[in-house]
Protein chains: 4
Amino acid sequence: MSGSTFGKHFQLTTWGESHGKALGVVVDGCPAGLPLCEQDIQIFLNRRRPGQNRFSTPRRENDAVEILSGVFEGKTTGCPISMIVKNETQRSADYTEIASYYRPGHADYTFDQKYGFRDYRGGGRSSGRETIGRVAAGAIASKILEALGIRLMTYTRSIGPVEIDMQNFDSSQIWENPLYMPDAEAAGRASEYLEDCKKEGNSSGGVIECVATGMIPGIGEPVFDKLSANLAKAMFSIGAVKSFEIGDGFAASMARGSENNDCFFLSEDGSFGKLTNHAGGILGGISDGSDLVFRVGVKPTPSISLPQKTVTRDHKEIEVRVKGRHDPVIVPRAVVVVESMAALTITDLLFSNMACRMDAIEKFYKKD
Amino acid sequence: MSGSTFGKHFQLTTWGESHGKALGVVVDGCPAGLPLCEQDIQIFLNRRRPGQNRFSTPRRENDAVEILSGVFEGKTTGCPISMIVKNETQRSADYTEIASYYRPGHADYTFDQKYGFRDYRGGGRSSGRETIGRVAAGAIASKILEALGIRLMTYTRSIGPVEIDMQNFDSSQIWENPLYMPDAEAAGRASEYLEDCKKEGNSSGGVIECVATGMIPGIGEPVFDKLSANLAKAMFSIGAVKSFEIGDGFAASMARGSENNDCFFLSEDGSFGKLTNHAGGILGGISDGSDLVFRVGVKPTPSISLPQKTVTRDHKEIEVRVKGRHDPVIVPRAVVVVESMAALTITDLLFSNMACRMDAIEKFYKKD
Amino acid sequence: MSGSTFGKHFQLTTWGESHGKALGVVVDGCPAGLPLCEQDIQIFLNRRRPGQNRFSTPRRENDAVEILSGVFEGKTTGCPISMIVKNETQRSADYTEIASYYRPGHADYTFDQKYGFRDYRGGGRSSGRETIGRVAAGAIASKILEALGIRLMTYTRSIGPVEIDMQNFDSSQIWENPLYMPDAEAAGRASEYLEDCKKEGNSSGGVIECVATGMIPGIGEPVFDKLSANLAKAMFSIGAVKSFEIGDGFAASMARGSENNDCFFLSEDGSFGKLTNHAGGILGGISDGSDLVFRVGVKPTPSISLPQKTVTRDHKEIEVRVKGRHDPVIVPRAVVVVESMAALTITDLLFSNMACRMDAIEKFYKKD
Amino acid sequence: MSGSTFGKHFQLTTWGESHGKALGVVVDGCPAGLPLCEQDIQIFLNRRRPGQNRFSTPRRENDAVEILSGVFEGKTTGCPISMIVKNETQRSADYTEIASYYRPGHADYTFDQKYGFRDYRGGGRSSGRETIGRVAAGAIASKILEALGIRLMTYTRSIGPVEIDMQNFDSSQIWENPLYMPDAEAAGRASEYLEDCKKEGNSSGGVIECVATGMIPGIGEPVFDKLSANLAKAMFSIGAVKSFEIGDGFAASMARGSENNDCFFLSEDGSFGKLTNHAGGILGGISDGSDLVFRVGVKPTPSISLPQKTVTRDHKEIEVRVKGRHDPVIVPRAVVVVESMAALTITDLLFSNMACRMDAIEKFYKKD
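This one's a predicted model, so the numbers in the text were calculated from it and none came from an experiment.

What to know about the packing of helix H5 (residues 227–236) of chain B against helix H8 (residues 331–352) of chain B
All names here are of chain B. Between H5 and H8, whose axes approach to 9 Å, the crossing angle comes to 145 degrees. Between H5 and H8 lies a crossing of right-handed hand. Across from Leu227, Asn230, Leu231, Ala234 and Met235 in H5, the residues of H8 making contact are Val338, Met341, Ala342, Thr345, Ile346 and Leu349. The residue makeup of the contact of H5 with H8, split by class, is 9 nonpolar, 2 polar and no charged.

Remarks on the pairing of strand E3 (residues 22–28) of chain D
For a regular strand, side chains alternate in direction, first toward one face of the sheet and then toward the other. All names here are of chain D. In terms of burial, E3 is largely enclosed, as 7 of its 7 residues are buried. Both faces of E3 are covered, namely the face carrying Ala22, Gly24, Val26 and Asp28 and the face carrying Leu23, Val25 and Val27. When strand E2 (residues 11–16) meets E3, the two strands line up antiparallel, connected through 6 bridges. Bridge pairing in E3 places Gly16 opposite Leu23.

Brief notes about the packing of aromatic side chains
According to the stated counting rule, one finds 58 aromatic pairs over all chains in the structure shown. Taken together, a centroid distance of 5.2 Å and an interplanar angle of 50 degrees make the contact between Tyr109(A) and Phe264(B) tilted. On the criterion of chain membership, the pair formed by Tyr109(A) in helix H2 (residues 108–115) and Phe264(B) in strand E12 (residues 264–266) is interchain, its members lying in two chains. We classify Phe264(B) as buried; its relative accessible area is 3%. Ring geometry for Phe364(A) against Tyr365(A): centres 5.1 Å apart, planes inclined by 75 degrees, an arrangement best described as edge-to-face. According to the relative accessible area criterion, Phe364(A) is partly exposed, its value standing at 25%. Judged by relative accessible area, which is 9%, Tyr365(A) ranks as buried. Among the aromatic residues, those joined into a ring-pair cluster are Tyr102(A), Tyr109(A), Phe264(B) and Phe272(B). In this arrangement the basic side chain of Lys75(B) is found over the ring face of Phe117(C), its NZ or CZ atom lying 5.3 Å from the centre. Directly above the aromatic system of Phe44(D) lies the positively charged group of Arg47(D), at a separation of 5.3 Å from the ring centroid.

What counts, and where the lines are drawn
- Here the residue index of a chain counts from 1 through its sequence in written order.
- To label them, take the chains in the order written and letter them from A, then take the ligands in the order written and number them from 1.
- With pLDDT at 70 or above as the cut-off, local features in this predicted model cover only qualifying residues; side-chain atom pairs require 80 or more to be listed or tallied, and sums for whole chains, interfaces and linings still use all residues.
- To get the side-chain values, take all heavy atoms of the structure and skip hydrogens and water.
- Where helices are involved, their axes are fitted lines through C-alpha atoms of the stretch in contact, as for all axes, and angles between N-to-C directions lie from 0 to 180°.
- Helical segments are the DSSP runs of H or I of at least four residues, strand segments are the runs of E of at least two, and each set is numbered from the N terminus.
- Crossings are classed by handedness, with left-handed meaning an anticlockwise turn of the near helix from the far one by less than a right angle and right-handed meaning a clockwise turn.
- Residue contacts are defined here by distance: any two heavy atoms, one from each residue, within 4.5 Å place the two residues in contact.
- Nonpolar residues are Ala, Val, Leu, Ile, Met, Phe, Trp, Tyr, Cys and Pro. Charged residues are Asp, Glu, Lys and Arg, and all others, Gly as well, are polar.
- Think of it in three bands: with a 1.4 Å probe and only protein chains considered, a residue is buried below 20% of the maximum accessible area for its type, exposed above 50%, and partly exposed in between.
- Following DSSP output, two strands are said to pair if at least two bridges run between them.
- Stacked, edge-to-face and tilted are the three classes for Phe, Tyr and Trp ring pairs, Trp counted by its six-membered ring, which pair at centre distances within 6.5 Å; planes under 30 degrees apart are stacked, over 60 edge-to-face, the rest tilted.
- Only when the NZ of Lys or the CZ of Arg is both within 6 Å of the ring centre and within 35 degrees of the ring normal is a charge said to sit over the ring.

Note that all results are geometric; they support no functional claim without further evidence.
Now the structure itself:
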């Protein structure tokens, strides 16, 4: 295998297991001269940290990041940036039991099938803690995007059956409620729904939406490295993701062409605009300058304390109740993971786009 | 840009424009010793050929493939396989008009933004004809999968609002009706719906479903090269795709954990099985041996003859009716493209999986 | 295997066998807007064409190139450029004999070991004709470099024991004598030496030197994608290459630091210069703006008509005299291959370099 | 930039600067089930550690490695292996002076040209300490090769003008003298030569030779990923390398074909053999099963205390004597770096080779 690296130009390699000594990431291809400090990273990491609200796992980690290389006198040097987060409160004893059987909905069985055995402590590499590296790298990508005027807004669109009402959309609410829902009323109902799940030892999925504004047109490479294709890969690389759509998504499949096409018009300043944005900001796999809009569907947390049938490694059928510290929903904590992966994808394609026109290359290298 | 290559171990590079001299593909990494002839490829290409039914473009191309390298005495040699399909009936005159303006829903605008100009003849590189190379390569991947006991079944799940009824599912129907729908009754209604779209100069989208049986467990690399992630990228690299889901997909986001988890059981022969398959055959990004199931949402063909507002390259607002030879729906022709991209993705990950266990490597290289 | 692709940003994929239907290359990542026609490519291909002088194989091919995609109205479009050269005078009958045994110095044995069998016609994929694709791609890279003020001069430095005298160096001679030697007197002696080799049914090796002027400083990526490292790979990917050195090369290993270091000085115009260039224009793997200088050692053509001992596929010891159309020396024809691979390497790294500084990226994407 | 990753299947990503907090490497693609502990790595690292003899820098670091992930219960898990070595004795004060000017023969100038500024402490990323990550990864690759019966022997072939005499070759001497020379007499003379260099404040280069025995035939991918090409890149990615040759190398360019070709013969056990090994174990870029033999030329350490002319960042000509802790020769310490890079290259190609034959793939995946 060789699947721990993402990106071609702005490239990250993550490492670490849930209950190992530490987790981390190496970011290669970050341009020199970007102001960067640990606090920039920590802000992002804090958004995915457990123990933030009563629907997330009570495991409390500081998840304090340390930058080990690639930054000198407050600025990136162009060399690889290694970042590390130490694991502090591993209670592996909680997990020794699960070494013997396959938890439904988890990667226990498939890791064993692939590798012959597995690091069973807390899910090992397949744990949600693996995303620490992505989020740390995503914080850097987000700083780069910000410098170029591109901003990402990511939030919970639905929890189980409770969806936000776009009429009530209030972006300030994203930071107001622990579910990151931009609709206070829906957040209230979602909270009740989760309470109910928790009571019965059950869990819930949900949908995350991301909107990128200030998009630069022309980003994405035909044919296989379309912005849409790379985003899709980025999102499906996140553990519990089972669906993804851009713009109108599945609804577009039911529409007619006349309903789905976005007509162009001229703005007063002479620039091109689109009357609608069913396409979610991507045409032919390339950004069109309008807002990038996509949704990511997350499955319910597989760890539930309700009894489930399963089998042991040594071929016995048993009934289990998964113990340990588990979120009844991972959607709110995955919001920053989605945003990070989007930032990484866009940054990578922004860099690859720089060599796509001869006139721009000549201008870039012109000796004054 | 550098986006015309897909795959790491089994790798294809496509080239060609809708109205250039030819289109083609180079497949690198095909193992030596696979029996292969042009007819193997042609069977796949014929499934995407236009002019097969009255809902597809009346442009008639033979799309006859020629193998130029990599095959010797009826078998692949391990060297790159170059395949070419000549363009025969280009009527570029049809397209000179569209050079001046941006067709809504097409890549005209984004290509211009990216490259400064575009090969406007028939959409150039962003045309659906680009998929010829993928399908030719997919035919080879499918032969490899077949030798390993993996088979793909791909079909139209819905056209616009008309969806197949899983109660009526009849796989033999896939080859019986021109819409590749495994439900004769739904196919009839879809046909009427398309007739209606066509009459009003409109178009329709739809959803394609693919099921892979005989899956080998352990395929897919954590973390970023998950089977699910690579499939998602593969599908979103297809022109008109706007959504993708695996197993229960978006429905999983509304379910509770107890409903979505697939419980394991022991078969009579002692092998592991799952009581359900909400996961669509993938756990933790790795195949679990059960059927791989996914769906791909395709938007309506953007070329419609209804009047649409748009702008010209030289900044004038106009109203257009797109002429030319267009399908009112591309879903049926995209079925084989989806199947090809799935076959390519699985084959690539089957190869990368071979070096994932030390015992298997030692056995592989053991000197007898 | 998956080794037919070179480059990360400016990427070529070659295909084809010596005696197949055709050979070719797909260039992906060529920027849009470069003026390009078949004649640009043909000029390069003619430099490697056989039958140009009496030391090269009498096989006469026109090696006429055809551009199949990626160029529109005389300019590159940013889409993959597919180029093809048809094989015309294959006389495979010449080669059927060699199917049964392993020619010393050739890849016959290793291909059989790797793939189980081989396309034995004219060496198949391991033939020098494989370089056609590289040279066609190199012609494009050279045009890009030229637009940026970088020029490559490549020539034969030695044939067997006959080396040019740097005191007599006359670049105009490169195009004057069929051996591409910039020293008329040495060329004369080399010619006699080759005549002698030919008479006895033997062959000769030689050394090729390349100098790039107008180099832009800062090209090459630490650590593994150093300009020197990528050049080394590029050169050793050419069939008969057995050695490579940059600047003083092996001689530097015998020098002391005070002799080998190049001291910096200030030019009259205030720019930095080096008093010497023992480093051959590369410091720490990155171009320093002075001339890039390197040498490539080529082994003698393995096909000789002198008797040699070898073995057959079915395990018999035999004595052979290799028949067919062979050069007593391939060095002169390899000159343009070396230049092409150098141009490809430099271009690729020029593109990757564009995203290495935040200030340059911000300037590039600044909205005016 | 994105040059800190090497390999496609067995992949390492190094990070860290000479005087940062730490240096390290992430190894991705290591198969599961390889027994591995920190001591396995430490043995390799100790071979490159400074302060081992009086010709190496007196800077004393323990260079103790810590494995942070990818190993569970004494075996690799198939997940990325993160290894870290903390920097302990950084005396950055030594280096503040060099921030202002460009040391001849160093990467100071080129890093500034590329990135606009540099981490000047001890050479930053361009320091020889960067190789710690390679050697740690190389230790793992070597364990894999050993399990497959492949062993590497690497030694100093020459120091300045003092070369070993192949008649006196004594492999046991490699570990006996601090210069790693397999010829006690030559080692003695080299030692005197270095003493002389040291006295005058000068430095020396040298040549390293590596021999791999037990090679498996068929390793290396035509065309661009030849074993020779990837080895060349690997070697030239090492800081001070200026030349590389395989088998007879440059001498082959002076030989005739009849002298350079290796004739095949049949061993008594019926296996194929070569009467000679001028090719150094590679034919057509693919291993032929005989010993792999290559040489790497290293330039003299650029840091010398003799006065040298150079320029400051703010455009003044000055004369400098480079202070700090420097080796008069880095060749002996580079021996293990060369061996590590060779092990990494061979391992990577061994893995890519596994999917090159259809019969082997079918056997691999056959369901019993």
